[in-house]
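Now for the letters of each chain:
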Amino acid sequence: MTHNSQEALLEIRELHKNYGAQPVLSDISLSVKKGEVVVILGPSGCGKSTLLRCINGLEEIQAGKIFLNNIEISNAGTQWHLIRQKVGMVFQSYDLFPHMTILDNILLGPVKVQKRNKQEARKQAEKLLDRVGLLEKINAYPRQLSGGQKQRVAIVRALCLNPEIILFDEVTAALDPEVVHEVLKVMLELANEGMTMIIVTHEMDFAKAVADKIVFMDQGEIKEIASPSDFFKEPSTERGKQFINMFNYNNFVKEREK
Ligand SMILES: Nc1ncnc2c1ncn2[C@@H]1O[C@H](COP(=O)(O)OP(=O)(O)OP(=O)(O)O)[C@@H](O)[C@H]1O
Ligand SMILES: [Mg+2]
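On a predicted model such as this, the values are computed, not experimentally measured, just so you know.

**A few points about the sheet that holds strand 6 (residues 87–90)**
Move 1: One open sheet accounts for six strands, arranged 6-7-8-3-9-10; its pairing is mixed. The open sheet has two edge strands, strand 6 and strand 10 (221–226), and neither has a second partner. Strand-to-strand, the axes of this sheet are offset by a mean angle of 20 degrees, without reference to chain direction.
Move 2: As paired strands, strand 3 (residues 37–41) and strand 9 (residues 213–218) are joined by four bridges and run parallel to one another. The residue of strand 9 that forms the bridge with leucine 41 is phenylalanine 216.
Move 3: Relative to the sheet, helix 1 (residues 48–55) contacts strand 3, strand 6, strand 7 (165–169), strand 8 (196–200) and strand 9, its axis offset from that of strand 7 by approximately 150 degrees.
Move 4: In the packing of helix 6 (residues 177–192) onto the sheet, contacts are made with strand 3, strand 7 and strand 8, and the angle to strand 8 comes to roughly 145 degrees.

**Concerning the packing of helix 5 (residues 147–159) against helix 6**
Move 1: Their axes nearest at 8 Å, the elements helix 5 and helix 6 cross at an angle of 20 degrees. By the criterion of interaxial angle, the relationship of helix 5 to helix 6 is roughly parallel. Classified by chirality, the crossing of helix 6 by helix 5 is right-handed. Seen from helix 5, the contacting residues are Gly148, Gln149, Gln151, Arg152, Ile155 and Leu159; seen from helix 6, they are Val179, Glu182, Val183, Val186, Met187 and Leu190.
Move 2: Grouping the constituent residues of the contact of helix 5 with helix 6 by class yields seven nonpolar, three polar and two charged.

**Some thoughts on the site of ligand 1**
Move 1: As a structural note, the neighbourhood of ligand 1 is formed by 13 residues, with Ser44, Gly45, Lys48, Ser49 and Thr50 the closest of them.
Move 2: Note that an oxygen atom of ligand 1 is positioned 2.7 Å from one of the side-chain N or O atoms of lysine 48.
Move 3: Protein burial of ligand 1: of its 640 Å² of free accessible surface, 58% is covered by the chains.
Move 4: Per-element tally for the shell around ligand 1: the top contributor is helix 1, with three residues.
Move 5: Grouping the amino acids of the shell around ligand 1 by side-chain chemistry returns four nonpolar, seven polar and two charged.

**Regarding unusual backbone geometry**
Move 1: A positive phi angle, close to 55 degrees, is found at aspartate 95, a residue other than glycine.
Move 2: Along the chain, the position of aspartate 95 falls in the loop between strand 6 and helix 3 (102–113).
Move 3: The exposure class assigned to aspartate 95 is partly exposed, which follows from its relative accessible area of 45%.
Move 4: Positive phi values are uncommon outside glycine, yet asparagine 162 reaches one of about 50 degrees.
Move 5: Tracing the chain through its elements places asparagine 162 in the loop between helix 5 and strand 7.

So, how was this worked out
- For every chain, the first residue of its written sequence is number 1, and the numbers climb from 1 along that sequence.
- Here every chain gets a letter starting at A, and every ligand a number starting at 1, in the order they are written.
- Where local features are concerned, this predicted model is filtered to residues with pLDDT of at least 70; where side-chain atom pairs are given and counted, the filter is 80 or more; whole-chain, interface and lining totals use all residues.
- Excluded from the side-chain calculation are hydrogens and water; included are all heavy atoms of the structure.
- By definition, two strands form a pair when at least two bridges between them are found by DSSP.
- For helices the rule is a DSSP run of H or I covering at least 4 residues; for strands it is a run of E covering at least 2, with both sets numbered from the N terminus onward.
- Lines fitted to the C-alpha atoms define the axes, with helices restricted to the stretch that makes contact. Angles between their N-to-C directions range from 0 to 180 degrees.
- The contact criterion used is simple: two residues touch if any of their non-hydrogen atoms lie within 4.5 Å.
- Note on angle classes: values under 35 degrees are labelled roughly parallel, values over 145 roughly antiparallel, values of 65 to 115 roughly perpendicular, and the remainder oblique.
- What makes a crossing left-handed is the near helix being turned counterclockwise from the far one by less than a right angle; a clockwise turn instead makes it right-handed.
- Only Asp, Glu, Lys and Arg are considered charged, only Ala, Val, Leu, Ile, Met, Phe, Trp, Tyr, Cys and Pro nonpolar, and every remaining residue, Gly among them, polar.
- Definition of nearness: a residue and a molecule or strand are near each other if at least one heavy atom of the residue lies within 4 Å of the molecule or strand.
- Throughout this description, a polar contact denotes any pair of N or O atoms lying within 3.5 Å of each other; where both atoms belong to protein, one of them has to be capable of donating a hydrogen while the other can accept it, and for residues adjacent in sequence the pair is counted only when both atoms sit in side chains.
- Areas reported as accessible are Shrake-Rupley estimates using a 1.4 Å probe. Residue values count occlusion only from the protein chains shown.
- Summary of the burial criterion: residues with accessible area below 20% of their type's maximum are buried, those above 50% are exposed, and those between are partly exposed, where the area comes from a 1.4 Å probe applied to protein chains only.

Given below as structure tokens:
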């Protein structure tokens with residue numbers, strides 16, 4: 001197998017992950033170029049979150065290697081606190097500290113961890129908050145924000161560390177339908193600006209719009225890697241076809257009409 005490690009920002013080679021005796025990820029190889037947007041799709045339990053957690057050093061792996069900028073980060077000596085400044089992550093539950101203002105939540109990483117100048121970091125935080133339409137909430141507390149607003153703050157918090165890549169794990173899954181779009185819009189804008197991202201989502205229209213490539217997983221394996229147009233037109237695997245059919249509500253209509 002050849003690897004374009006020269007141009008890959010993130011490269012995963014033959015990764016295996018077990019929970020106890022149970023294999024959860026098998027032979028995962030994936031390469032992500034700078035500026036590329038990769039969307040991971042697949043049924044519940046197929047290992048999407050686990051894969052993101054492995055990339056961010058939150059899970060031990062049993063075999064394989066992960067490289068960031070051609071430097072192996074999957075070995076025992078990895079200083080994950082440094083890597084996590086380069087690999088941002090946004091989860092479904094925004095995990096903002098309730099007793100801290102929006103600004104203090106955002107500045108925690110840049111000032112406490114990265115030891116940056118507070119004024120400089122604050123300027124960046126203000127700029128980012130303004131961009132996502134939340135500058136007026138800078139001194140509010142998380143409880144005073146809607147779910148969609150909190151999730152936009154969580155994205156700003158990740159961005160404020162100036163990461164090289166951001167991993168998004170179903171960030172809209174817990175949101176009310178009417179605020180989902182405001183979060184997806186921010187992610188689309190980031191994609192347009194060239195941010196490198198790996199996105200796990202069940203929003204199929206969004207996946208189609210934002211992805212440079214679709215990675216379809218099932219049972220801990222990558223079954224297909226394809227362009228969104230190819231994947232959504234006709235997946236090359238039977239499992240992929242079944243999966244996208246689940247999202248085709250016309251099939252329900254047909255069932256109902258029987
Ligand atoms: N901490 C854990 N210990 C043991 N098994 C786990 C653990 N976390 C996840 N698993 C199992 O690993 C498999 C993959 O889980 P994972 O959360 O990565 O799936 P997923 O694709 O993200 O699913 P979903 O779409 O529901 O979020 C599942 O079978 C799950 O039960
Ligand atoms: Mg998951």
